[in-house]
Protein chains: 2
Amino acid sequence: MFILDPRLENDSLLINEQVNFQIRLMNVTEFFWIILIPKKTNLTELSDLNVNERNQLLNFAIDLGDHIKFTENLDKINIGMLGNVVSQLHLHVVIRSQNDPAWPGPVWGWKTINKLDKETLEYRSKVIQSFSIN
Amino acid sequence: MFILDPRLENDSLLINEQVNFQIRLMNVTEFFWIILIPKKTNLTELSDLNVNERNQLLNFAIDLGDHIKFTENLDKINIGMLGNVVSQLHLHVVIRSQNDPAWPGPVWGWKTINKLDKETLEYRSKVIQSFSIN
């Protein structure tokens with residue numbers, strides 16, 4: 001049974017439940033920051049997924065990022081798998097703007113963030129949902 | 001014709017030339033840090049690769065990271081595609097130790113680094129070559 005790490009749960013909001021992974025939005029205003037969390041137990045590395053699962057997850061991340069970059073007129077897609085702090089496997093997809101406060105540095109380790117207001121949350125959810133999600 | 005960005009060339013050393021990508025080692029002692037650079041022109045995002053090319057590159061990165069993590073008894077694989085500074089598509093595979101100076105933060109943005117000495121370069125090259133590279 002899939003159990004979400006409480007730190008991931010606390011830092012992000014569920015947008016869509018797919019068969020194999022959750023699509024969550026990080027609770028930050030500054031960045032359009034998505035995390036994808038595969039729903040198998042005991043995953044810490046991408047190598048814990050079989051090749052089909054990896055390909056499905058990564059291509060979804062790439063194509064979702066591409067969709068958001070173009071519809072929102074943003075500048076760069078950052079994709080990362082770190083897991084140094086929270087070991088449960090999660091994939092970051094951050095669609096960056098040259099005007100965001102961390103640019104051109106990474107968002108990981110960025111300290112000063114504001115939580116999502118209701119409007120921004122609803123807007124970003126719609127953008128994600130518009131990416132032909134079943 | 002494939003042209004390597006001079007900043008990537010300056011920061012890293014060629015270890016192996018594959019058909020579709022270069023395997024390079026970042027010129028830093030502190031981290032076992034590999035970059036994979038696809039050899040097509042005008043790539044900035046993973047979405048610029050077709051699905052087969054993406055899958056080949058990413059699975060290679062995942063399996064190479066896994067190989068090094070286990071043979072070197074390291075702690076965590078960090079994989080990242082950023083490109084905010086150098087736009088030419090390159091994939092980072094960093095095999096982290098809980099004892100490295102940036103842990104648990106990301107290596108991207110880490111400032112104080114020492115260049116590879118000859119012994120460490122040769123050692124890491126051998127570890128990479130031991131991953132059944134053709």
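Above this text sits the structure in question.
Treat the numbers as computed from the prediction; the structure is a model and nothing was measured.

Undergrad: Pulling in residues and values, what's your account of the pattern of salt bridges?
TA: If you walk through the whole model with that rule in mind, you get 16 salt bridges over all chains. One salt bridge in this structure joins Lys 39 of chain A and Glu 17 of chain A, with 2.8 Å as the shortest N-O distance. With a gap of 22 residues between them, Lys 39 of chain A in the loop between β3 (32–38) and α2 (51–71) and Glu 17 of chain A in strand β1 (residues 12–17) connect regions that are remote in the sequence. Judged by its relative accessible area of 41%, Glu 17 of chain A is partly exposed. Overlapping salt bridges, with partners in common, bring together Glu 45 of chain A together with Lys 69 and Lys 76 of chain B in one network.

Undergrad: Describe in detail the relation of the copies chain A and chain B, supporting the description with residues and values.
TA: The transform that puts chain A on chain B rotates by 180° and translates by 0.0 Å along the axis, for an RMSD of 0.0 Å. Put plainly, the chains are arranged around a two-fold axis. Among all residues of chain A, the minimum C-alpha distance to the rotation axis is found for Gly 80 of chain A, at 2.1 Å. Both copies share a contact surface, since 100% of the interface residues of chain A are interface residues in chain B too.

Undergrad: Account for the pairing of strand β2 (residues 21–26) of chain B, naming residues and giving values.
TA: Residues and elements named next belong to chain B. The buried fraction of β2 is high, at 6 of 6 residues. Across the two faces of β2 the burial is the same, with Phe 21, Ile 23 and Leu 25 and Gln 22, Arg 24 and Met 26 all buried. Relative to β2, strand β1 (residues 12–17) runs antiparallel, the two sharing 5 bridges. When the bridges of β2 are listed, Glu 17 appears paired with Gln 22. In sequence, β1 turns back onto β2 through a hairpin of 3 residues. Bridge count between β2 and strand β3 (residues 32–38): 5 bridges; the pairing is antiparallel. Counterpart to Ile 23 in the pairing with β3 is Leu 36.

About the cut-offs
- Residues numbered from 1 in each chain as written.
- Chains lettered and ligands numbered in written order.
- Predicted model: local features only at pLDDT ≥ 70, side-chain atom pairs only at ≥ 80, totals over all residues.
- Heavy atoms only, no water.
- Salt bridge = Lys/Arg side-chain N within 4 Å of Asp/Glu carboxyl O.
- Helix = DSSP H or I, 4+ residues; strand = E, 2+ residues; numbered from the N terminus.
- Buried < 20%, exposed > 50% of the residue type's maximum accessible area, 1.4 Å probe, protein only.
- Least-squares fit on C-alpha atoms with pLDDT ≥ 70 in both.
- Contact = heavy atoms within 4.5 Å.
- Pairing = 2+ DSSP bridges.

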